[in-house]
Amino acid sequence: MTLKQALGSLLLAALLFSARPAGAIVHGKAVTGDESFAHAVVGIRLMDDDGVAGDCTGTMLTHRIVLTAAHCVRDSKSVEVVFDFSMKGTHKLAVSRIVVHPDYAPKKDTLSPGDLAILFLPPHDYQTTAIPLDGDLSFTVGEQFTIVGFGRSDPIKWNSMGTMRKAGIVASGFETPQDVGLVPTGDAWPCKGDSGGPIMRKDMSGRYALTGVLSG
């Protein structure tokens, strides 16, 4: 499969479910190494031209390819991928190449079809796990998914960001032909820093598949 074909497949399989706003998971539960997806989710450290740092989240598609949101990396001067459960971790790599989905067209206060980017990494020895793409594009209103991200645990405390957390979330219906609205199952909800993180669905055998990417 060519890169263009892969991006086209991801537009259908990964952007089908989007949530807004996206950042850290407020009131989410910390992810431990026992989770099957623990080493499939990575932190993304960003730096812009003004030297301002920011964080996002990504998902390993292969040992050297990360999927995230295009709006996270589009204007970044440098991008690093962090492989630890905390953004303070030392296991990280600079991204060697970024490819933004050709359909990405940012507009203020609206979701953009194609808010996807693939990050290519140099060879490394860090532990990773790839999450397969969800082959089922159907869903039911009220169906539950799992979101993971490095965003804030408290919406008003900037220093509560940087730890990998998870939460349950449910589909509320299509917002556009390619975007599905999500609502919290409790008091957990994505916040600043969770953008680009995975939206996963578990099958009857307990295996997770990547159904969407958090966009905002």
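Structure report, in brief. (Residues numbered from 1 in each chain as written. Predicted model: local features only at pLDDT ≥ 70, side-chain atom pairs only at ≥ 80, totals over all residues. Heavy atoms only, no water.)

### Describing the state of the cysteines
Stated precisely, the cut-off is as follows: Note on terminology: pairs of cysteine sulfur atoms within 2.5 Å are recorded as disulfides. Secondary structure counts use DSSP, requiring at least four H or I residues in a row for a helix and at least two E residues in a row for a strand, with both numbered from the N terminus. With a 1.4 Å probe rolled over the protein chains alone, any residue whose accessible area is under 20% of its type maximum counts as buried; one over 50% counts as exposed, and the rest are partly exposed.
A full pass over the atoms with the stated rule returns one disulfide. Residue Cys56 pairs covalently with Cys72 via a disulfide, S to S 2.1 Å. Across the disulfide from Cys56 to Cys72, rotation about the S-S bond amounts to roughly -85 degrees, and the bridge is consequently left-handed. Of the two residues, Cys56 sits in strand β4 (residues 53–62) while Cys72 sits in helix α2 (residues 70–73), which places them 16 residues apart along the sequence. In this structure Cys56 comes out as buried when scored by relative accessible area, which is 6%.

### Quick word on the packing of aromatic side chains
Condition: Two rings belonging to Phe, Tyr or Trp (six-membered ring only in the last case) form a pair when the distance between their centres is within 6.5 Å. Interplanar angles under 30 degrees mark stacking, angles over 60 mark edge-to-face geometry, and anything in between is tilted. Here, a charge over a ring means that NZ of Lys or CZ of Arg falls within 6 Å of the ring centre while also lying within 35 degrees of the ring normal.
The full count for this structure, using the stated rule, is two aromatic pairs. Each ring, one from Phe37 and one from Tyr208, has its centre 5.1 Å from the other, and the planes form 85 degrees; the classification is edge-to-face. With Phe37 in the loop between β2 (29–30) and β3 (41–47) and Tyr208 in strand β15 (residues 208–213), the pair connects residues that are 171 residues apart, well separated along the chain. An identical accessibility class is assigned to Phe37 and Tyr208; each is buried. Residues Phe83 and Tyr126 carry aromatic rings whose centres are separated by 4.8 Å and whose planes lie at 40 degrees to one another, so their mutual orientation is tilted. Of this pair, Phe83 sits in the loop between β6 (78–82) and β7 (92–94) while Tyr126 sits in the loop between β9 (117–120) and β10 (144–149), and the two are 43 residues apart along the sequence. Lying over the aromatic face of Phe120, Arg97 brings its terminal NZ or CZ to 5.2 Å of the ring centre.

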